[in-house]
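One-letter residues, chain by chain:
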Amino acid sequence: MVKSRVAAVDVGNDALKGNFGKLENELYIPNVIAPDLEDRPVIGIEELDQKDVLDNIHIRVHSPALDENGIIYRVGNLATKTTNSQELDPGSSKSEEDQTLIMLFAALALDAVSTEDFKEKNQVIDALYTLGTGLPLREVKEGKDVGYRSELLGSVHQVEFLITPRYQGKKVNIKFEEVKVYPEGFAAYVNLIMDNELKVINKELIDKQILIQDIGGLSTDIAVIRNRNVDDDKAQGFNLGVSESLEDIREEIRSKHGVELDSRRDVVDIITRKNDRHHIMVKGSRTNVHDITDHILLELAKKEYRFLRNVWAKNSQSEICYFVGGGSAVLKDYIKALNNKLDGFNIEFFEDENESIWMMANAYYKLISDFIRKAEPVKDTKEEKATSKAK
Ligand SMILES: Nc1ncnc2c1ncn2[C@@H]1O[C@H](COP(=O)(O)OP(=O)(O)OP(=O)(O)O)[C@@H](O)[C@H]1O
Ligand SMILES: [Mg+2]
């Protein structure tokens, strides 16, 4: 029997973040898909193979878990270049969208074709995973995690690579040995207080009442942690993330400077890069756009700050609020400035924006690895030794 491979996947509204096999083995794919309406022009294998795999994810997906089965999709960067690309809408439920599954299966298939863990026969790879993933608190509260999990566990999901460099023509059959669906807020808490072996590293924090504000692409979730658990009744989700503001910035740059930026990602680059931040080129001249980015991000920061105030008022005994998610990285300076001027809450950001962005995926990795360690009976290690001797 094939041994299952560990996967920890955060299907964010903005981007999928995944760890496969080892924590260092990462995948980051923008959460954009486009059903293929026209045939994608076939190009020579040699030319195709020079291209980047992640820029050319082109797949057909078969799965009973999908509402629409057997459709061809462009995924990630390739999808952003089409006119019919789909991004998730605020208010949609992750657990009920085909898009969530397409992203998840695409990522697992990409991992499966590139690892030595699974054997390939006639271009077909049978992959077996133990998956740790998550859903927003709101959906877990509604009990949607149960259906989502059984949908994944219940059948084989097939990804066929079409016009994708290196993997063209390969099929991956994905099966799950086990699936764990964690609530997002709880996962962030675990990541804050525990190391990779789930040893408590943050003793001061463990019994405190804390808030975790996760500012994502399309949503903001504030989890309330009390007695080492997420307080379901107190947690709040808001349909507001940074994507809308990035779109506004793009629009204002277009109308003011006549410059068309390709995507929201270009905007993120302009507001976060180390060199030449808040500048764009206009007809060959370096131009400052700080006035635009500043007022739009400040507006958003004010709204996010209002959420914090609101939740803190209802949970007055909270000791600290941690800001996580890519949105926190973008809004850090604005929210800090507002807080200094206004309430002076005890709030904390992560120095490294990657830590904010990878918080969930890394937490799922810790949780699922721990689950595997505990589930592994001692005899397994013996068997392993026996087979390695046999080789
Ligand atoms: N390196 C970065 N530095 C700063 N901001 C970033 C960076 N990468 C992404 N972002 C921005 O942070 C935003 C949120 O990213 P994040 O990955 O936390 O969202 P998500 O988890 O996909 O969405 P959600 O939590 O709503 O499901 C994105 O819209 C992106 O523009
Ligand atoms: Mg997120």
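Heads up: the structure comes first, above all this text.
Just so we're clear, the structure is a prediction, and the values are computed from it rather than from any experiment.

A. Broad picture of the packing of helix α8 (residues 243-257) against helix α10 (residues 290-314). Across the interface, α8 lies against α10 with an axial gap of 10 Å and an inter-helix angle of 155 degrees. Of the possible angle classes, the one that applies to α8 and α10 is roughly antiparallel. Crossing angle aside, the handedness with which α8 passes α10 is right-handed. Of the residues in α10, those in contact with Ser 245, Asp 248, Ile 249, Glu 252, Ile 253, Lys 256 and His 257 of α8 are Asp 291, Ile 292, Thr 293, His 295, Ile 296, Leu 297 and Leu 300.

B. View of α10. The end-to-end C-alpha separation of α10 is 36 Å, in line with the 36 Å expected for 25 residues at 1.5 Å each. Inspection of α10 places Ile 292, Thr 293, Ile 296, Leu 297, Leu 300, Ala 301, Glu 304, Tyr 305, Phe 307, Leu 308, Val 311 and Trp 312 among the buried residues, and these make up the whole buried set.

C. Spatial organisation of the site of ligand 1. The environment of ligand 1 is formed by 22 residues, the closest being Asn 13, Asp 14, Lys 17, Val 268 and Gly 326. Here an oxygen atom of ligand 1 sits 3.0 Å away from a polar atom, N or O, in the main chain of Gly 217. Protein coverage of the free-state accessible area of ligand 1, which is 640 Å², stands at 91%. Among the elements of the structure, β2 (15-20), α9 (264-272), α11 (326-341) and α12 (353-375) are those that each provide at least two residues to the shell around ligand 1. Looking at the shell around ligand 1, the element that brings in the most residues is α11, giving three residues. Class assignment of the residues belonging to the shell around ligand 1 gives a composition of nine nonpolar, nine polar and four charged.

D. Layout of the pattern of salt bridges. Under the criterion given, the structure shown has 26 salt bridges. Residues Arg 60 and Glu 160 are paired through a salt bridge, measuring 3.3 Å at the closest nitrogen-oxygen approach. On the criterion of sequence distance, the pair formed by Arg 60 in strand β5 (residues 57-62) and Glu 160 in strand β9 (residues 157-161) is long-range, its members being 100 residues apart. Given a relative accessible area of 17%, Glu 160 falls into the buried group. Two residues, Glu 184 and Lys 94, come together in a salt bridge whose shortest N-O distance is 2.9 Å.

E. Representation of the side chain of Thr 164. Inspection of the secondary structure puts Thr 164 in the loop between β9 and β10 (171-183). Judged by relative accessible area, which is 0%, Thr 164 ranks as buried. Once you skip the residues sitting within four places of it in the chain, Thr 164 turns out to touch Leu 48, Val 53, Asn 56, Ile 57 and His 58.

F. Looking closely at the environment of Lys 141. The residue Lys 141 is located in helix α4 (residues 137-141) in this model. Apart from residues no more than four positions distant in its own chain, Lys 141 is found in contact with Asp 232, Asp 233 and Ala 235.

G. Expanded view of α8. Between its first and last C-alpha atoms α8 spans 21 Å; for 15 residues at 1.5 Å apiece the expected length is 21 Å, and the two agree. Taken residue by residue, α8 has Ser 243, Ser 245, Leu 246, Ile 249 and Ile 253 as its buried positions. Its buried side turned inward, α8 meets α9, β15 (279-282) and α10. Immediately downstream of α8, the backbone of Gly 258 shows phi near 65 degrees, a positive value.

How each quantity is defined
Residues numbered from 1 in each chain as written. Chains lettered and ligands numbered in written order. Predicted model: local features only at pLDDT ≥ 70, side-chain atom pairs only at ≥ 80, totals over all residues. Heavy atoms only, no water. Axes fitted to C-alpha atoms, helices over the stretch in contact; angles between N-to-C directions. Helix = DSSP H or I, 4+ residues; strand = E, 2+ residues; numbered from the N terminus. Parallel < 35°, antiparallel > 145°, perpendicular 65-115°, else oblique. Left-handed = near helix turned anticlockwise from the far one by under 90°. Contact = heavy atoms within 4.5 Å. Expected span 1.5 Å × (residues − 1). Buried < 20%, exposed > 50% of the residue type's maximum accessible area, 1.4 Å probe, protein only. Near = heavy atom within 4 Å. Polar contact = N/O pair within 3.5 Å; in protein donor to acceptor, adjacent residues only side chain to side chain. Areas by Shrake-Rupley, 256 points an atom, 1.4 Å probe, with all protein chains shown as cover. Nonpolar A, V, L, I, M, F, W, Y, C, P; charged D, E, K, R; others polar. Salt bridge = Lys/Arg side-chain N within 4 Å of Asp/Glu carboxyl O.

Keep in mind that these numbers describe shape and distance, not what the molecule does.
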